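So you can see what is in the structure, the chains are spelled out below.
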Amino acid sequence: MKRFLENTTPTIIIDTREQDPLNIRGYPVVFEALPIGDYGIVGFSDWTNPRFIVERKSLSDLIKSLTGRQDAAKDSERKRFMREIEKMRQFGWRALLIEARREEVAAGDYRSAATPQSMLASLDAVAVRAGVHLFWAGGHEEAARQLESLVRQFIRGIHKDYRRATAPIIEREKPVEK
């Protein structure tokens, strides 16, 4: 089993609804419907084992998700986004991968009347209140490499946990008698 785990390459799941998928080069990829988010790992990203999930946002999509206007027929983009974030809380490890630099948001380099302070405060609330890790990846290609790195580190953690769980128990030294 140990050899199997260490020689198994994880497969990244790209959600079938993802409109502009990242170009993943370091891992095999499958397109499947995820329960939430845009990217996952086979065996770790469904409701039977909700351990890893990543939501990806371009800068324009992020701004729309944080400020979206309410349509009479639908919930606002913000309410829908916050419901998605709430669902992500059910996953052991969750992240928001942003295809922009934080400095772009801080400088107001986007199309919206919302202030940079309110945008960043909303993201801080997502990070703190929902425990979602925020990763700023300057662009589409950087986001792909960042996702690959996150998958690599997650799987390394699984391997380390397995080694710890299956390591022989070391007999403790007897206390020194006085």
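These figures come from a predicted structure and were not determined experimentally.

Visitor: Could you give an account of the overall build of the chain, with specific residues and numbers?
Guide: Summing up its helical and strand segments, the chain has six helices and eight strands in all. The secondary structure elements of the chain, listed N-terminal to C-terminal, are α-β-β-β-β-β-β-α-α-β-α-α-β-α. Residues classed as buried in the chain amount to 38% of the 178 residues present. Partitioning the intrachain contacts of the chain with sequence separation of at least 6 by distance along the chain shows that 62% fall at a separation of at least 24. In the form shown here, the chain has an accessible surface area of approximately 11100 Å², with 50% of it arising from carbon and sulfur atoms.

Visitor: Go over the packing of helix 2 (residues 59-67) against helix 3 (residues 77-88) with me, naming the residues and quoting the values.
Guide: The angle between the axes and the distance between the axes are what describe a pair of packed helices. In the contact formed by helix 2 and helix 3, the axes pass within 5 Å of each other and the chain directions differ by 100°. Considering their axes alone, helix 2 and helix 3 lie roughly perpendicular with respect to each other. For the pair helix 2 and helix 3, the contacting residues are Lys-64, Ser-65 and Leu-66 in the first and Glu-77, Arg-78 and Phe-81 in the second. The residue inventory of the contact of helix 2 with helix 3, partitioned by class, reads two nonpolar, one polar and three charged.

Visitor: If you had to explain the layout of surface pockets to someone new, which residues and values would you point to?
Guide: Taken as a whole, the largest pocket encloses approximately 670 Å³ of empty space. Lining the largest pocket are 23 residues, and of these Gln-19, Asp-38, Glu-55, Lys-57 and Asp-61 sit closest to its centre. When residues of the lining of the largest pocket are traced back to their parent elements, those giving at least two are strand 6 (52-58), helix 2 and helix 3.

Visitor: Any details on the packing of aromatic side chains? Residues and values, ideally.
Guide: Under the defined criterion, the tally for this structure stands at five aromatic pairs. Ring centres of Trp-47 and Phe-91 lie 5.2 Å apart, and the angle between their planes is 45°; this geometry places the pair in the tilted category. Linking Trp-47 in the loop between strand 4 (45-46) and strand 5 (49-50) with Phe-91 in the loop between helix 3 and strand 7 (93-99), this pair joins segments that are 44 residues apart in sequence. Every member of this aromatic cluster is reached through a ring pair, and the members are Phe-44, Phe-52, Trp-93, Phe-135 and Phe-154.

Visitor: Tell me about helix 2, and name the residues and values.
Guide: Within the span of helix 2, buried status applies to Leu-59, Leu-62, Ile-63, Ser-65 and Leu-66. Seen from one end, helix 2 has its buried residues packed into an arc of 160°, which puts them on one side. On its buried face, helix 2 is in contact with strand 6, helix 3, strand 7, helix 4 (102-106) and helix 5 (116-130).

Parameters and conventions
- Residues numbered from 1 in each chain as written.
- Predicted model: local features only at pLDDT ≥ 70, side-chain atom pairs only at ≥ 80, totals over all residues.
- Heavy atoms only, no water.
- Helix = DSSP H or I, 4+ residues; strand = E, 2+ residues; numbered from the N terminus.
- Buried < 20%, exposed > 50% of the residue type's maximum accessible area, 1.4 Å probe, protein only.
- Contact = heavy atoms within 4.5 Å.
- Areas by Shrake-Rupley, 256 points an atom, 1.4 Å probe, with all protein chains shown as cover.
- Axes fitted to C-alpha atoms, helices over the stretch in contact; angles between N-to-C directions.
- Parallel < 35°, antiparallel > 145°, perpendicular 65-115°, else oblique.
- Nonpolar A, V, L, I, M, F, W, Y, C, P; charged D, E, K, R; others polar.
- 1 Å grid on protein atoms, 1.4 Å probe; cavity = no way out; pocket = protein on both sides within 12 Å on 5 of 7 lines; lining within 4 Å.
- Points joined across faces, edges and corners; volume = space filled by probe spheres on them.
- Phe/Tyr/Trp six-rings, centres within 6.5 Å; stacked < 30°, edge-to-face > 60°.
- Arc of directions from axis to C-beta.

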